[in-house]
Amino acid sequence: DDDATKLSEVITRTVARKGKVIIPSFALGRVEELLYWIGLLESQKRIPELPVYVDSPMAMEVLQEYRKRLNELDPEISQMAHAHHARRERDVMAFSTARLRVVTSPRESQAVQESNVPAIVISASGMATGGRVLHHLRRALPDKKNTILFVGYQSVGTRGRQIRDGAKFTRIHGEEIPVAA
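The notes below deal with the structure included here. Given the structure is predicted, the values throughout are model-derived calculations rather than measurements.

### Some details on the overall build of the chain
- A count of helical and extended segments in the chain gives 7 helices and 7 strands.
- Listing every helix and strand of the chain by position from the N terminus yields α-β-α-β-α-α-β-α-β-α-β-α-β-β.
- The burial tally for the chain puts 50% of its 181 residues in the buried class.
- For the chain, contacts bridging at least 24 residues in sequence account for 71% of all contacts bridging at least 6.
- As presented, the chain carries roughly 9500 Å² of accessible surface, and 52% of it is formed by carbon and sulfur atoms.

Laid out in structure tokens, this is it:
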């Protein structure tokens, strides 16, 4: 509703701290919406061009499905995709950013987790209850330079809700992880 002003501020502040933005997200619908807005912010020069990692096998399948049905999308999204197509033959997607990488293997995912380069990481699950996002959170949560950005509803009793509500620690894979991000 705010033309992505809050999103651009969160990303810009995190990059200034040399941190990562970790976004727990639902694979269907929300990932595409995020990529659309991040791509738009980049093209408007409201955020720097950053590595954007989508670390979710299901999201990859969904993105491929959108790509096949490009002609059925809203005109502005379709035009954006064709602009990306003209710019980069190699990575044509309806929802793309300058440096989008879809993470396909656990080894690639681990390399993203270990990297200290400022980046945006979008990974499932949306409420941080399971999935690959837990590995990213385990690495990012203890460091105050990072941001955990929740972009969807967080149900009571979920890890996402506990973090959002200010928990100082969270248990991931049997280990107490401090929440400083």
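Picking up where we left off.
### Things to note about the pattern of salt bridges
- Tallied over the full model, the rule gives 9 salt bridges.
- Ionic pairing is found between glutamate 114 and arginine 139, a salt bridge with its closest N-O pair at 3.5 Å. Placement of the pair is glutamate 114 in helix 5 (residues 106-114) and arginine 139 in helix 6 (residues 133-140), with a sequence separation of 25 residues.
- With a closest N to O distance of 3.2 Å, arginine 171 and glutamate 176 form a salt bridge.
- With relative accessibility at 46%, the residue arginine 171 sits in the partly exposed group.
- Residue glutamate 176 is classed as partly exposed on the basis of its relative accessible area, which comes to 41%.
- A network of salt bridges, in which partner residues are shared, links Arg161, Arg164 and Asp165.

### Concerning the side chain of serine 109
- Tracing the chain through its elements places serine 109 in helix 5.
- The class of serine 109 is buried, set by a relative accessible area of 3%.
- Leave out the neighbours within four places in its chain, and serine 109 touches Asp55, Val103, Arg132 and His136.

### Topic: the sheet that holds strand 1 (residues 21-24)
- With respect to topology, 5 strands assemble into an open sheet ordered 3-2-4-1-5, the strand pairing being parallel. What marks the edges here is a single partner per strand, and that holds for strand 3 (99-102) and strand 5 (147-148).
- With 4 bridges joining them, strand 1 and strand 4 (residues 120-123) adopt parallel strand pairing. Bridged to proline 24 within strand 4 is serine 123.
- Sitting on the sheet, helix 6 is in contact with strand 1, strand 2 (51-55), strand 4 and strand 5, with an inclination near 145° to strand 1.

### Quick word on helix 1 (residues 5-16)
- With 12 residues, helix 1 extends 16 Å from end C-alpha to end C-alpha; this agrees with the ideal 16 Å at 1.5 Å per step.
- Within helix 1 the residues assigned to the buried category are Leu7, Ser8, Val10, Ile11 and Thr14. Relative to the axis of helix 1, the buried residues are bounded by an arc of 160° and lie together on one face. The exposed residues of helix 1 that point more than 90 degrees off its buried face are Lys6 and Ala16.
- The inward-facing, buried residues of helix 1 abut strand 1, helix 2 (30-43), strand 4 and strand 5.
- Positive backbone phi, approximately 65°, marks lysine 18, located one or two places after helix 1.

### Here's the deal with helix 2
- Taking 1.5 Å per residue as the helical rise, helix 2 with its 14 residues ought to reach 20 Å, and the 20 Å between its terminal C-alpha atoms agrees with that figure.
- Just downstream of helix 2 lies lysine 45, where phi reads positive at about 60°.

### Here's the deal with the packing of helix 5 against helix 6
- Relative orientation of the contacting elements helix 5 and helix 6 amounts to 20°, with a least axis distance of 9 Å. Overall, the two elements helix 5 and helix 6 adopt an arrangement that is roughly parallel. Considering only the axes of helix 5 and helix 6, their crossing is right-handed. Contacts between helix 5 and helix 6 involve Ser109, Val112, Gln113 and Glu114 from the former and His135, His136 and Arg139 from the latter.
- Grouping the amino acids of the contact of helix 5 with helix 6 by side-chain chemistry returns 1 nonpolar, 4 polar and 2 charged.

Conventions used here
- Residues numbered from 1 in each chain as written.
- Predicted model: local features only at pLDDT ≥ 70, side-chain atom pairs only at ≥ 80, totals over all residues.
- Heavy atoms only, no water.
- Helix = DSSP H or I, 4+ residues; strand = E, 2+ residues; numbered from the N terminus.
- Buried < 20%, exposed > 50% of the residue type's maximum accessible area, 1.4 Å probe, protein only.
- Contact = heavy atoms within 4.5 Å.
- Areas by Shrake-Rupley, 256 points an atom, 1.4 Å probe, with all protein chains shown as cover.
- Salt bridge = Lys/Arg side-chain N within 4 Å of Asp/Glu carboxyl O.
- Pairing = 2+ DSSP bridges.
- Axes fitted to C-alpha atoms, helices over the stretch in contact; angles between N-to-C directions.
- Expected span 1.5 Å × (residues − 1).
- Arc of directions from axis to C-beta.
- Parallel < 35°, antiparallel > 145°, perpendicular 65-115°, else oblique.
- Left-handed = near helix turned anticlockwise from the far one by under 90°.
- Nonpolar A, V, L, I, M, F, W, Y, C, P; charged D, E, K, R; others polar.

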